[in-house]
Amino acid sequence: MISRVFSPSAAVRWRAAHRLTCSAPPGEEKPRPSMLRHLTSRIKATGPITVSEYMREVLTNPVAGYYVRNNMLGPEGDFITSPEISQMFGELLGVWTVSEWMAAGRPERLQLVELGPGRGSMAADVLRVFHQLRSVVGGASVSLHLVEVSPLLSRLQAENLTGGRSRQADAEDVPVYRRGETTTGLPVSWYRRLEDVPSGFSIFLAHEFFDALPIHKFQRTQRGWREVMVDVDPGNADQLRFVLAPSPTPASGSLLQADERRGHVEVCAEGGVVVQQLAQRIQQDGGAALIADYGHDGTKMDTFRGFKGHRLHDVLSSPGSADLTADVDFSFLRRMAGGGVACLGPVTQATFLKNMGIESRLQVLLKNCGDASTRQQLLASYDMLTSRSKMGERFLFLGLLHRSRLARPAGPAGLKLEKKSAAPLPVGGFTELSFS
Ligand SMILES: C[S@@+](CC[C@H](N)C(=O)[O-])C[C@H]1O[C@@H](n2cnc3c(N)ncnc32)[C@H](O)[C@@H]1O
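In this text the structure is predicted, and so the values were computed from the model without any measurement. (Residues numbered from 1 in each chain as written. Predicted model: local features only at pLDDT ≥ 70, side-chain atom pairs only at ≥ 80, totals over all residues. Heavy atoms only, no water.)

K.L.:
If you had to explain unusual backbone geometry to someone new, which residues and values would you point to?
P.N.:
A cis amide bond links glycine 345 with the next residue in sequence, proline 346, at an omega value of 10 degrees. Topologically, proline 346 is positioned in strand β17 (residues 341-348). A positive phi angle, close to 50 degrees, is found at glutamate 208, a residue other than glycine. For glutamate 208, the position within the fold is in the loop between β7 (202-207) and β8 (216-221). By relative accessible area, which is 9% here, glutamate 208 ends up buried. (Helix = DSSP H or I, 4+ residues; strand = E, 2+ residues; numbered from the N terminus. Buried < 20%, exposed > 50% of the residue type's maximum accessible area, 1.4 Å probe, protein only.)

Quick look at the structure:
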């Protein structure tokens, strides 16, 4: 059965398809003066802000941030994501989760942790797999932990996952701000930050989470690297503009690689910190993390862009009304994970989903569905998720695993590279990329 309505025409407008910023069509949006006013007064008081500060304020300001105020996912929102396109996506991540738990020796307690769960669709699909495989997973004490900054989205997740069986904490500033029980009877808790999730054996999933974290932008100039900043346009007090810092900033002094060859670089320092935390937890408590997003291997330059109503949107226009995003630099994430864990991949989404058996899952769903339009939707969603020209190649999957995991004869599922790849030295059928 298909759990969501899939509209191929809406889904082709997913946001990874576009790379560079462009202006929104004139007259398209209503301005949100509060966020703009907040930013312009701050800049007038203390000077230009970094792109990272700008992105953090615009997306997650507790009062007016884009993620805090909007339900942006789906055909009616600003963009669409793989878990919203087909249940097959989350189900295969569920199979991956169970297989990693089994390979770790079936620990008694299993924490499923999702970073940035959106509408909760992927977690629901993963949990359905857990339920279907209850004869296997049933012996473990399973709990769900959601790291979500948006109160609005957390309510939506609670509705989808618990059917109303959740309760918000009375106090505002507590680590667990909502608790509940899923429709299949598992405890579920909501946190604003990863560091608040209890320690213990965990499988972490992050789909389109890292691309939403703030980036710093740097430009190579004749005087050396300079950080890109956001300033108020001197000719129009309601307009923002990019400027270059006149001298090195703390970020340009610390975040750039000495041998960097590109002329423009984006660095997501916050993403690096999250990966370090994941790596430390996996090293200490066991478990694994799967990071899936659109991105590159340290090769791209200017990927910062805005999205509104499935269209590109000028990143400096009407801040707070549109999504802001940047491609994930997977080479940076691998570097930040360090040598304490094994990093596998990234492999393309097409490779991961095919390795995990999407074709067999599609056949089962096709066999069980009667009407022609549902069949059509299934085939279209399969094509959208796996086709090279759609999401199949633009999205990448990176696995972080406990180092002991690679000693086992059966390597981690899904992260095997394509046969045509020239990548070296398979380890148990898989390629280890960062043991430095
Ligand atoms: C692009 S959406 C992806 C949603 C979902 N994973 C999917 O693929 O449909 C990003 C998600 O991360 C959450 N988010 C963004 N920044 C965050 C932060 N700094 N901390 C926690 N959650 C954040 C958003 O509220 C949203 O749920």
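From this point, the discussion proceeds with the structure in view.
K.L.:
Run through the nonpolar core, naming residues and quoting values.
P.N.:
By size, the foremost hydrophobic cluster in this structure holds 65 residues, and its most contacted members are Tyr54, Leu115, Phe210, Leu240, Leu278, Leu333 and Leu400. In this structure leucine 333 touches Phe210, Gly271, Gly272, Val275, Ile291, Val328 and Leu398, once residues within four positions along its chain are discounted. Counting residues in hydrophobic clusters, the runner-up holds 55 residues, among them Leu110, Leu144, Phe352 and Leu362. (Core = buried A, V, L, I, M, F, W, Y, C linked by side-chain atoms within 4.5 Å. Contact = heavy atoms within 4.5 Å.)

K.L.:
Could you give an account of the pairing of strand β2 (residues 109-115), naming the residues involved and the relevant values?
P.N.:
Counting buried residues along β2, six of its seven residues qualify, which places the element largely inside the surrounding structure. Of the pairings in the sheet, the one linking β2 to strand β3 (residues 141-147) comprises seven bridges and is parallel in character. The partner of glutamate 114 across the bridge, within β3, is leucine 146. (Pairing = 2+ DSSP bridges.)

K.L.:
Please provide a residue-by-residue account of helix α11 (residues 269-285), values included.
P.N.:
For α11, which comprises 17 residues, the first-to-last C-alpha distance of 24 Å matches the rise-based estimate of 24 Å (1.5 Å per residue) to within 8%. Here the buried face of α11 lies against β2, β7, β12 (287-296), α12 (330-337), β17 and β18 (395-402). Of the residues flanking the end of α11, it is glycine 286, one or two places downstream, whose phi is positive at about 80 degrees. (Expected span 1.5 Å × (residues − 1).)

K.L.:
Got a sec to walk through the packing of aromatic side chains? Specific residues and values, please.
P.N.:
Taken as a whole and assessed by the stated rule, the structure comprises five aromatic pairs. Residues phenylalanine 209 and phenylalanine 210 carry aromatic rings whose centres are separated by 5.5 Å and whose planes lie at 85 degrees to one another, so their mutual orientation is edge-to-face. By relative accessible area, phenylalanine 209 is classed as buried at 15%. Residue class for phenylalanine 210 comes out buried when judged on its relative accessible area of 4%. (Phe/Tyr/Trp six-rings, centres within 6.5 Å; stacked < 30°, edge-to-face > 60°.)

K.L.:
Outline the sheet that holds strand β14 (residues 311-313), supporting the account with residue identities and numerical values.
P.N.:
Across the sheet, which stays open at both edges, the three strands sit in the order β14-β13-β15 with antiparallel pairing between neighbours. Either end of the sheet is taken by a strand with one partner, and the two such strands are β14 and β15 (323-325). On average, adjacent strands in this sheet sit at an angle of 40 degrees to one another, irrespective of strand direction. Bridge count for strand β13 (residues 305-308) against β14 is three bridges, and the pairing is antiparallel. Following the sheet pairing, glycine 306 is matched in β14 by histidine 313. (Axes fitted to C-alpha atoms, helices over the stretch in contact; angles between N-to-C directions.)

In short, shape yes, function no, at least from these values alone.
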